[in-house]
Amino acid sequence: FTRRFAARQTELMRRLEAEPRVSDVTFAMTNPGNERGARIEAEGVDDVHEVRFSRVDVHYFSVFEVPLLAGRGLEPVDLPSEKSPEGGAVVVNQSFAQRIFGGNALGRRIRHVGNDPGPWYQIVGIVRDFPTGASQGMRDTNPARVYHAVAAGQLQPAVIAIRMRDGTPSTFTQSLREIALAVD
C-alpha cells in the first residue's frame, strides 16, 4: 500500500509541475499555521518547550517564499531512510531560534519528548517566520516551529500546495480534478 501511495503522490506532483499554469508544487503534513503541537528538549537547555512541528517537502520554503536566514534548507540527504528512519536534521523558524537558543540555534540539537524520548536532530537551518496572514493558525501565541524533511509518499494524508503562474486558483479547479482522477 505504501509503495503504491508513494508512486501515486509522486506522479501527481510530476503532472502538476508539468502544467503550464503551475509554477511550483510542494507538500507537507499540514498547511502553514496548522502544525501539530509537540514537546521538545534542547541539548544544553534545562526546560522542555512547547512548539509546533511539521513534516515538509525539501522545496517547501522556496515555494512559499520563506527566506532562509542562516545555515541551509532541508535537502534530500535529510529525508528519512532505512539507515535513518527519522532523518537527522531539522530546520527551525526565527521565533524558535530566538525563544529557545537566544537566536544561536545552528548546529544545536533537539529531540521530541514524551513517554520515550525520540532521536536527536541537528538544527541545520533557520527560516523566517511565515507571515501571520498565511493562515489563521499563524496567529497563535506559540510561533516556534520545527520542520522535518519528508519525501513524496511518506505522509498519509498529505497537503499539497500549488503556486499558480497567473489567473485565479479557481480557474484551475477542474484541471486539478482531472489530473488527480487520472492518477487515481
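Because the structure is predicted, anything quoted here is derived from the model rather than measured.

## Notes on the overall build of the protein
Okay, step 1: In terms of regular secondary structure, the protein is built from four helices and nine strands.
Okay, step 2: Secondary structure elements in the protein, listed N-terminal to C-terminal, are α-β-β-β-α-β-β-α-β-β-β-β-α.
Okay, step 3: For the protein, whose C-alpha radius of gyration is 17 Å, the value lies close to the compact-globule estimate of 16 Å for 184 residues.
Okay, step 4: Projected onto its principal axes, the C-alpha coordinates of the protein cover approximately 50 × 35 × 25 Å.
Okay, step 5: Counting the 184 residues in the protein, one finds 39% classified as buried.

## A short note on the pattern of salt bridges
Okay, step 1: Inspection of the entire model under this criterion finds nine salt bridges.
Okay, step 2: For the salt bridge of Glu-43 with Arg-109, the shortest nitrogen-to-oxygen distance reads 3.0 Å. Here Glu-43 is found in the loop between strand 2 (36-42) and strand 3 (48-56), whereas its partner Arg-109 is found in strand 6 (residues 109-112), with 66 residues between them in sequence.
Okay, step 3: We classify Glu-43 as partly exposed; its relative accessible area is 35%.
Okay, step 4: Classification of Arg-109 as partly exposed rests on a relative accessible area of 31%.
Okay, step 5: Residue Arg-72 is joined to Glu-75 by a salt bridge in which the shortest nitrogen-to-oxygen separation is 3.7 Å.
Okay, step 6: Using a relative accessible area of 25% as the deciding quantity, one classes Arg-72 as partly exposed.

## Quick word on helix 4 (residues 173-183)
Okay, step 1: For helix 4, the complete set of buried residues consists of Ser-175, Ile-179 and Val-183. All buried residues of helix 4 lie within an arc of 70° about the axis, which places them on one face of the element.

## Some details on unusual backbone geometry
Residues other than glycine predominantly adopt negative phi, and peptide bonds predominantly adopt the trans conformation.
Okay, step 1: In this structure, the amide linkage connecting Gln-156 to the following residue, Pro-157, adopts the cis form with an omega of 0°.
Okay, step 2: Inspection of the secondary structure assignment puts Pro-157 in the loop between strand 8 (145-149) and strand 9 (159-164).
Okay, step 3: Non-glycine residue Glu-65 carries a positive phi angle of around 55°.
Okay, step 4: Inspection of the secondary structure puts Glu-65 in the loop between helix 2 (60-63) and strand 4 (68-71).

## Some remarks on the nonpolar core
Okay, step 1: Counting residues in hydrophobic clusters, the biggest one holds 31 residues, and the most contacted among them are Val-51, Val-92, Phe-96, Phe-101, Ile-110, Ile-123 and Val-146.
Okay, step 2: Listing elements by their share of this core, those giving two or more residues are helix 1 (2-18), strand 1 (22-28), strand 2, strand 3, strand 5 (89-93), helix 3 (94-101), strand 7 (121-127) and helix 4.
Okay, step 3: Ranked by the residues each element gives to this core, the list is headed by helix 3, at four residues.
Okay, step 4: Look past the residues within four positions of Ile-123 in its chain and what remains in contact with it is Val-90, Val-92, Phe-96, Phe-101, Ala-105, Leu-106, Gly-107, Arg-108 and Ile-110.
Okay, step 5: If you look at the next biggest cluster of nonpolar residues, it comprises 14 residues, including Val-56, Val-58, Leu-74 and Val-91.

## Details of the environment of Gln-154
Okay, step 1: Take Gln-154: it is sitting in the loop between strand 8 and strand 9.
Okay, step 2: The sequence separation of Gln-154 and Phe-5 amounts to 149 residues, and the corresponding C-alpha distance is 8.6 Å.
Okay, step 3: In terms of polar contacts, Gln-154 uses its side chain to reach the backbone carbonyl oxygen of Pro-80, at 3.4 Å.

## Structural notes on the environment of Gly-71
Okay, step 1: Tracing the backbone shows Gly-71 in strand 4.
Okay, step 2: Residues Gly-71 and Gly-125, spaced 54 residues apart in sequence, show a C-alpha to C-alpha distance of 4.3 Å.
Okay, step 3: If sequence neighbours within four positions are ignored, Gly-71 has contacts with Leu-106, Val-124 and Gly-125.

## Remarks on the packing of helix 1 against helix 4
Okay, step 1: The contact between helix 1 and helix 4 brings their axes to 9 Å, and the two run at 145°. As helix 1 packs across helix 4, the resulting crossing turns out to be right-handed. In contact with Arg-8, Glu-11, Leu-12, Arg-15 and Leu-16 of helix 1, helix 4 contributes Leu-176, Ile-179, Ala-180, Ala-182 and Val-183.
Okay, step 2: Looking at the contact of helix 1 with helix 4 residue by residue, the classes come out as seven nonpolar, no polar and three charged.

Conventions used here
- Within every chain, residues take consecutive numbers counted from 1 along the sequence as written.
- Whole-chain, interface and lining totals are the exception, using all residues; otherwise, since this is a predicted model, local features are given only for residues with pLDDT of at least 70 and side-chain atom pairs are given and counted only at 80 or more.
- Just so you know, side-chain values use all the structure's heavy atoms and leave hydrogens and water out.
- Counting from the N terminus, the helices are DSSP H or I runs at least four residues long and the strands are E runs at least two residues long.
- As defined in this context, the radius of gyration uses C-alpha atoms, and a globule is described by 2.2 Å times the residue total to the power 0.38.
- Here's how the labels work: a residue is buried when its accessible area is under 20% of the maximum for its type, exposed when over 50%, partly exposed in between, all with a 1.4 Å probe on protein chains only.
- The term salt bridge refers to a pairing of a side-chain nitrogen on Lys or Arg with a carboxyl oxygen on Asp or Glu at a separation within 4 Å.
- Taken from the helix axis, the directions to the C-beta atoms give the arc we talk about.
- Note on terminology: a nonpolar core comprises buried Ala, Val, Leu, Ile, Met, Phe, Trp, Tyr and Cys residues joined through side-chain atoms within 4.5 Å.
- Contacts were defined at the residue level, with two residues in contact if any of their heavy atoms lie within 4.5 Å.
- The definition of a polar contact used here is a pair of N or O atoms within 3.5 Å, where within protein one atom must be able to donate a hydrogen and the other to accept one, and adjacent residues in sequence count solely through side-chain atom pairs.
- Comment: axis = line fitted to C-alpha atoms, over the contacting stretch for helices; angle = value between 0 and 180 degrees taken between N-to-C directions.
- In a left-handed crossing the near helix is turned counterclockwise from the far helix by less than a right angle, and in a right-handed crossing that turn is clockwise.
- Note on residue categories: nonpolar means Ala, Val, Leu, Ile, Met, Phe, Trp, Tyr, Cys or Pro, charged means Asp, Glu, Lys or Arg, and polar means any other residue, Gly included.

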